[in-house]
Amino acid sequence: MLRRIRRAPTACSWCRHRKVRCDATRLGSPCTRCRQDGRRECVLRDKNPKKSPMLANPVPRPHQSPGSNNVTTGRYSDDLRQSTDHSTLVSQLHAHGLSLDDRGPSPAQSPNVPYTEYAFVESQQLMSLPSEDVALLTSKSCLSLPTSNAIDEFVHEYFKNIHPSVPVLDEAEFWRIYQNNQSTGPKISHFVLQSLLLASCPFVSLETLRRCGFDDMRDAQKQLYNRANLLYELRTEERPHVNAQGAVLLAHYTSAEDPQAGSLWVTRAIEHAMLIDSHPSLVGENVAISLKKRLWWSILLRDQSLCIDLRHRPRVTSIGFHGWSDWLSIDDFSEELHQSRVYDYDTKKGLLDELQKQCELAVVLTDLDILEERWPTS
């Protein structure tokens, strides 16, 4: 008679997320499945996790100096308990079995602040996560963001160095939301924002990175990537278009330990982008055509860049794939040309001309890759 295999009393967060058996309690961490996936550790969480360190010991709120010209002026409320998002935060914490009571003293200077400090960050979907996932995200600093001055530099460097060649975000819309101090209206996805921090990290000054608690640029890249990656793995974002945007940004991650990480994120971006068009009634998103064009061209451009850098075949193998013959035009960037906070109109127009040439080159390179695949040289 076959003996029934007993279920492990506790599964790690990743196995629980995938709803598969976990042997971490018997064989130790990492479990067999995490080890096969290349993970160096897996975390076991109780049903009722302890209070989050971030929530039990909140850091002081950063303040703007009088007369400051910082673009983030007015993004903060005067006090957390009086903020418009406080009731939402309290409801979220109660849903996860956490509270703001019995808080200990705050550190004198902390490199990060809770994401709830920013009115422009989307937090609605984080409220539906299981309490053990919230505890895991908190312990890995995934629910924290840099302070005001630091995050300004990250965003500025992103639109200065990354966005001109991979315009996956609408810059004009981003700046409108970024400066919004209202509890209602459009928000920026927390997952996308964390991915943006990773993409712009190589261009941020070392002084700022150290103020954020990182040792150097490599350490910052690794930690920011791990945060965004965990947010993705725990499905903190459900919208395919937003997941695709974040995946394109994470495709900028490079590491000697995982040289194929960028290509993996390009593949994920393609999968989410295809879901937008193939199941529009299921995804619940009304994505504008111009944003779809931005997304698909950004995927193609990033894919070709990785092919050249890593010398492998492209993930995109068809020019007609989802209508890429519909070229990016100046109409798709009409607002962005006038409302960029990084470049003036003439410079922005010149960068757009260069972007269109890059798209033409990417199409030619994709054609060559297809020909080589069909008729390989001897």
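In the nomenclature of an unreviewed UniProt entry, the protein chain is known as Fungal transcriptional regulatory protein, N-terminal of Penicillium camemberti.

Points about helix 15 (residues 289–310)
Taking 1.5 Å per residue as the helical rise, helix 15 with its 22 residues ought to reach 32 Å, and the 31 Å between its terminal C-alpha atoms agrees with that figure. Phi for arginine 311, located one or two positions after helix 15, is positive at around 60°.

Some points on the confidence of the model for the protein chain
Per-residue confidence for the protein chain gives a mean pLDDT of 77, with 71% of residues at or over 70. When pLDDT is averaged over each helix and strand of the protein chain, the minimum, 38, is found for helix 4 (residues 53–56) and the maximum, 97, for helix 9 (residues 190–200). For the stretch residues 47–86, pLDDT sits under 50, and the model shows 87 contacts to residues farther than four places along the chain or on other chains. Under a pLDDT of 50 for its full length, residues 96–108 has, in the predicted model, 35 contacts with residues more than four places off or in other chains.

Thoughts on the pattern of salt bridges
Taken as a whole and judged by the stated rule, the model has nine salt bridges. Notably, a salt bridge pairs glutamate 171 with lysine 348, separated by 2.6 Å at the nearest N-O pair. Remark: lysine 348 occurs in helix 17 (residues 345–374) and glutamate 171 occurs in helix 8 (residues 171–178); sequence separation between them is 177 residues. In this structure, glutamate 171 and lysine 348 share a single accessibility class: buried. Ionic pairing is found between glutamate 335 and arginine 176, a salt bridge with its closest N-O pair at 3.0 Å.

Focus on the environment of histidine 190
Mapped onto the fold, histidine 190 is located in helix 9. Each C-alpha atom, one on histidine 190 and one on glutamine 124, is 9.9 Å from the other, the two residues being 66 residues apart in sequence. Residue contacts for histidine 190: discarding those within four places in its chain leaves Tyr115, Val121, Glu122, Leu126, Cys142, Leu143, Leu145 and Leu231.

Overview of the packing of aromatic side chains
What describes a pair of aromatic rings is the distance from one ring centre to the other and the angle between the planes of the rings. As enumerated under the stated definition, the model contains 13 aromatic pairs in all. Summarising the aromatic geometry, the rings of phenylalanine 159 and phenylalanine 174 are spaced 5.1 Å apart at their centres and angled 65° between planes, so their arrangement reads as edge-to-face. Taken as a pair, phenylalanine 159 in helix 7 (residues 148–162) and phenylalanine 174 in helix 8 lie far apart in primary sequence, 15 residues in all. Summarising the burial analysis for this pair, phenylalanine 159 and phenylalanine 174 share the class buried. Aromatic side chains phenylalanine 174 and tyrosine 178 sit 5.7 Å apart centroid to centroid with 20° between the ring planes, which places their arrangement in the stacked category. With phenylalanine 174 and tyrosine 178 both in helix 8 and four residues apart, this pair spans about one turn of that helix. Judged by relative accessible area, phenylalanine 174 falls into the buried class, the value being 6%. A connected cluster of aromatic rings, assembled from ring pairs, spans Tyr118, Phe120, Tyr158, Phe159, Phe174, Trp175 and Tyr178. Cation over ring: arginine 268 sits above tryptophan 265, and NZ or CZ is 4.5 Å from the ring centre.

Things to note about the nonpolar core
Of all hydrophobic cores here, the largest spans 81 residues; its most connected members are Phe174 and Ile299. Among residues more than four places away in sequence, those in contact with phenylalanine 174 are Val155, Phe159, Leu169, Ile188, Leu193 and Leu196. If you look at the next biggest cluster of nonpolar residues, it comprises nine residues, including Trp14, Cys15, Cys31 and Cys34.

Concerning the state of the cysteines
Taken as a whole and assessed by the stated rule, the structure comprises zero disulfides. The thiol of cysteine 212 is not disulfide-bonded; the next cysteine sulfur, from cysteine 201, is found 9.0 Å away.

Here's the deal with helix 11 (residues 217–233)
With 17 residues, helix 11 should reach 24 Å at 1.5 Å per residue; the first-to-last C-alpha distance of 24 Å fits that figure. Burial of helix 11 is extensive: 12 of the 17 residues sit out of reach of the surface. The set of residues buried in helix 11 consists of Asp219, Ala220, Gln221, Leu224, Tyr225, Arg227, Ala228, Asn229, Leu230, Leu231, Tyr232 and Glu233. For helix 11, the side-chain oxygen to backbone nitrogen distance between the N-cap and arginine 218 is 3.3 Å, and the N-cap itself is aspartate 216. Immediately beyond the C-terminal end of helix 11, within one or two residues, lies arginine 235, with a positive phi of roughly 55°.

What counts, and at which threshold
- Residue numbering note: each chain is counted from 1, following its sequence as written.
- It should be noted that, the model being predicted, local features are given only for residues of pLDDT at least 70 and side-chain atom pairs only at 80 or more, the latter also being counted only at that level, while totals for whole chains, interfaces and linings use all residues.
- Each side-chain value is derived from all of the structure's non-hydrogen atoms; neither hydrogens nor water enter the calculation.
- For helices the rule is a DSSP run of H or I covering at least 4 residues; for strands it is a run of E covering at least 2, with both sets numbered from the N terminus onward.
- To estimate how far a helix should reach, multiply one less than its number of residues by 1.5 Å.
- The quantity known as pLDDT measures the predictor's confidence residue by residue, on a range of 0 to 100.
- Contact criterion: two residues are considered in contact whenever any of their non-hydrogen atoms come within 4.5 Å of each other.
- Any carboxyl oxygen of Asp or Glu within 4 Å of a side-chain nitrogen of Lys or Arg constitutes a salt bridge here.
- Exposed residues in this analysis have more than 50% of their type's maximum accessible area, buried residues have under 20%, and partly exposed residues fall in between, with area computed by a 1.4 Å probe over protein chains only.
- Between the rings of Phe, Tyr and Trp (Trp by its six-membered ring), a pair exists once the centres lie within 6.5 Å; its type follows the angle of the planes, with under 30 degrees stacked, over 60 edge-to-face, and the other angles tilted.
- Only when the NZ of Lys or the CZ of Arg is both within 6 Å of the ring centre and within 35 degrees of the ring normal is a charge said to sit over the ring.
- Grouping buried Ala, Val, Leu, Ile, Met, Phe, Trp, Tyr and Cys residues that are joined through side-chain atoms within 4.5 Å yields what is termed a nonpolar core.
- The criterion for a disulfide is a pair of cysteine sulfur atoms lying within 2.5 Å.
- Polar contacts, as counted here, are pairs of nitrogen or oxygen atoms within 3.5 Å of one another; within protein the pair requires one atom able to donate a hydrogen and one able to accept it, and residues that are adjacent in sequence qualify only if both atoms are side-chain atoms.

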